[in-house]
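The lines below spell out each chain.
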Amino acid sequence: MKTLIVALQKNGTLVSATFELIEAAKQLGGEIVSVVMAGDASTPANELASRGGGKVLAVSHAQLQYFNDEIYANVLADIIGKESPNLVLAPASFYGKALGARLAAKLNAPMASDVKQLALDGDKVVATRPQYGGSVVSNIVANNGGPFVVTVRPKVYPESKDGAGEVAAYSVDESLLQSKMSIKEVKAESGGAVNLTEADIIVSAGRGLKAAENLPMVQELADSLHAAFGASRAIVDAGWTAYANQVGQTGKTVNPKLYIAVGISGAIQHLVGMSGSGTIVAINKDKDAPIFNVSTYGIVGDAFEIVPALTNKFKAELAG
Ligand SMILES: Cc1cc2nc3c(=O)[nH]c(=O)nc-3n(C[C@H](O)[C@H](O)[C@H](O)COP(=O)(O)OP(=O)(O)OC[C@H]3O[C@@H](n4cnc5c(N)ncnc54)[C@H](O)[C@@H]3O)c2cc1C
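Now for a description of the structure that goes with this document. (Residues numbered from 1 in each chain as written. Predicted model: local features only at pLDDT ≥ 70, side-chain atom pairs only at ≥ 80, totals over all residues. Heavy atoms only, no water.)

Turning our attention to the nonpolar core. Counting 31 residues, the largest nonpolar core has L4, V59, V75 and L76 as its most contacted members. Where this core is concerned, the elements lending two or more residues are β1 (2-7), β4 (31-38), β5 (54-60), α3 (69-83), β6 (87-91) and α4 (94-107). Among the elements that line this core, the one with the most residues is α3, at 8 residues. Contacts of V59, omitting those with residues within four sequence positions, involve V35, V36, M37, A38, A41, L64, V75, I79, Y170 and V172. Formed by 30 residues, the second largest nonpolar core is a distinct cluster that contains L14, F19, A25 and V56. (Core = buried A, V, L, I, M, F, W, Y, C linked by side-chain atoms within 4.5 Å. Buried < 20%, exposed > 50% of the residue type's maximum accessible area, 1.4 Å probe, protein only. Helix = DSSP H or I, 4+ residues; strand = E, 2+ residues; numbered from the N terminus. Contact = heavy atoms within 4.5 Å.)

Put into structure tokens, the structure is as follows:
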């Protein structure tokens, strides 16, 4: 068994889901190869090595500074041709899914996306993923011996903290670094300070907040818990907040330890993006709102009274 980890970085810092992929690979057993591509990949490569990334291939080039699925897939295909892994793991983030799909197509390899569990059945990898909005769970097995390209949902596996690793610089042919597009500038998305898919706590707002002017009240609650700010599609479509914050079927899938839904009804398209959260707290003035069917704790009441009270309480508790 040989697993290749696609370690994605932003501004030279590895995304935390990378360490979860290492943990998933460790649990399967066998050899681990990690690949990090960056303008200068040496720092993230050293971190990968110290966290159990196994044989860590550091690919440094100016063309690799920003995520570009076309170029990244070229480089990975080149490495996969030499390393022959059975399994290729990437995070099921927007970037990871785009890259995984392109890579699988390039390699004519089988792919499973948004996987929640990996196991071995003999020498075959079984990837378990929810489908049809979570109403069925599929076990997917690749029959070609590999490579099997899998994106793994963030926050399902714990992070690997340590383990064996050794860095080797890997140079690629310039011809692999050509792309039909060139990235001129990357601006931080206008969301909260905490990344939604990597957050342990998310506070999300919905149409029950009535107007964009009232969202800072929810952002303040999020800030008091060092949480990320999420949103229902209703308020993204209304232009109250950025699409980057949307949770759900056509937004992000999240698995935080704590998810607080404020003024969100709990439509199925929202639930599929967050129902895997550890503890769910819903604040809604309608006691029959469907969000209460999935919530661990429900507060039936007016968000305009409850949210400021919670914020004050959390601020006082966390300060003391
Ligand atoms: C193809 C498709 C894809 C979709 N993808 C997504 C997606 O990715 N994410 C997503 O979220 N939706 C998605 N939707 C939309 C989804 O169906 C719902 O329309 C949307 O989730 C509703 O958002 P909401 O809960 O904020 O608003 P509403 O359904 O209008 O709910 C507002 C809630 O606020 C409560 N409320 C009102 N006032 C207060 C108050 N003062 N205090 C407390 N509570 C109050 C109300 O009781 C109500 O339950 C999708 C729909 C389709 C068709």
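Following the structure, the description resumes.
Lining the immediate environment of the ligand, one finds 26 residues, of which K210, S232, T250, S265 and N284 sit closest. K210 has a polar side-chain atom sitting 2.8 Å from a nitrogen atom of the ligand. Residue Q269 places a side-chain N or O atom 2.8 Å away from an oxygen atom belonging to the ligand. For the ligand, whose free accessible area comes to 980 Å², the fraction covered by protein is 77%. Of all elements in the fold, only α6 (233-237), α7 (268-274) and α8 (303-319) reach the threshold of two or more residues within the shell around the ligand. In the shell around the ligand, the residues fall into 6 nonpolar, 14 polar and 6 charged. (Near = heavy atom within 4 Å. Polar contact = N/O pair within 3.5 Å; in protein donor to acceptor, adjacent residues only side chain to side chain. Areas by Shrake-Rupley, 256 points an atom, 1.4 Å probe, with all protein chains shown as cover. Nonpolar A, V, L, I, M, F, W, Y, C, P; charged D, E, K, R; others polar.)

Taken in spatial order, the 7 strands make up an open sheet running β7-β11-β6-β1-β4-β5-β12, and their pairing is parallel. Each of the sheet's edge strands pairs with one partner strand only, and the pair in question is β7 (111-115) and β12 (165-169). Neighbour-to-neighbour, the strand axes of the sheet open up by a mean angle of 20°, direction not taken into account. Here 3 bridges tie β1 to β6, and the two strands are oriented parallel to one another. Note on β6: the bridge partner recorded for I5 is L89. Contacting β1, β4, β5 and β6, α3 crosses the sheet at an angle of about 155° to β4. (Pairing = 2+ DSSP bridges. Axes fitted to C-alpha atoms, helices over the stretch in contact; angles between N-to-C directions.)

Before going further, it helps to spend a moment on a nonpolar patch on the surface. Among the surface-exposed residues, F94, Y95 and Y243 lie close enough to one another that they form a single nonpolar patch of about 320 Å² accessible area. Counting through the fold element by element, Y95 comes out in helix α4. Among the residues examined, Y95 registers a relative accessible area of 40% and is labelled partly exposed. (Patch = residues over 30% accessible without salt bridge, like charges linked within 9 Å, V, L, I, M, F, W, Y side chains within 5 Å. Salt bridge = Lys/Arg side-chain N within 4 Å of Asp/Glu carboxyl O.)

Moving on to the pairing of strand β16 (residues 279-284). The buried count for β16 comes to 5 of 6 residues, which makes it a mostly enclosed element. The pairing of strand β15 (residues 258-262) with β16 spans 5 bridges and is parallel. Bridged to Y259 within β16 is I280. Once you follow β15 into α7 and on to β16, the crossover reads as right-handed. In the sheet, β16 pairs with strand β17 (residues 297-300) via 4 bridges, with the strands oriented parallel. Its bridge partner lying in β17, N284 is registered against V300. (Right-handed = clockwise from strand over helix to strand, strands pointing away.)

The analysis is restricted to geometry; functional conclusions fall outside its scope.
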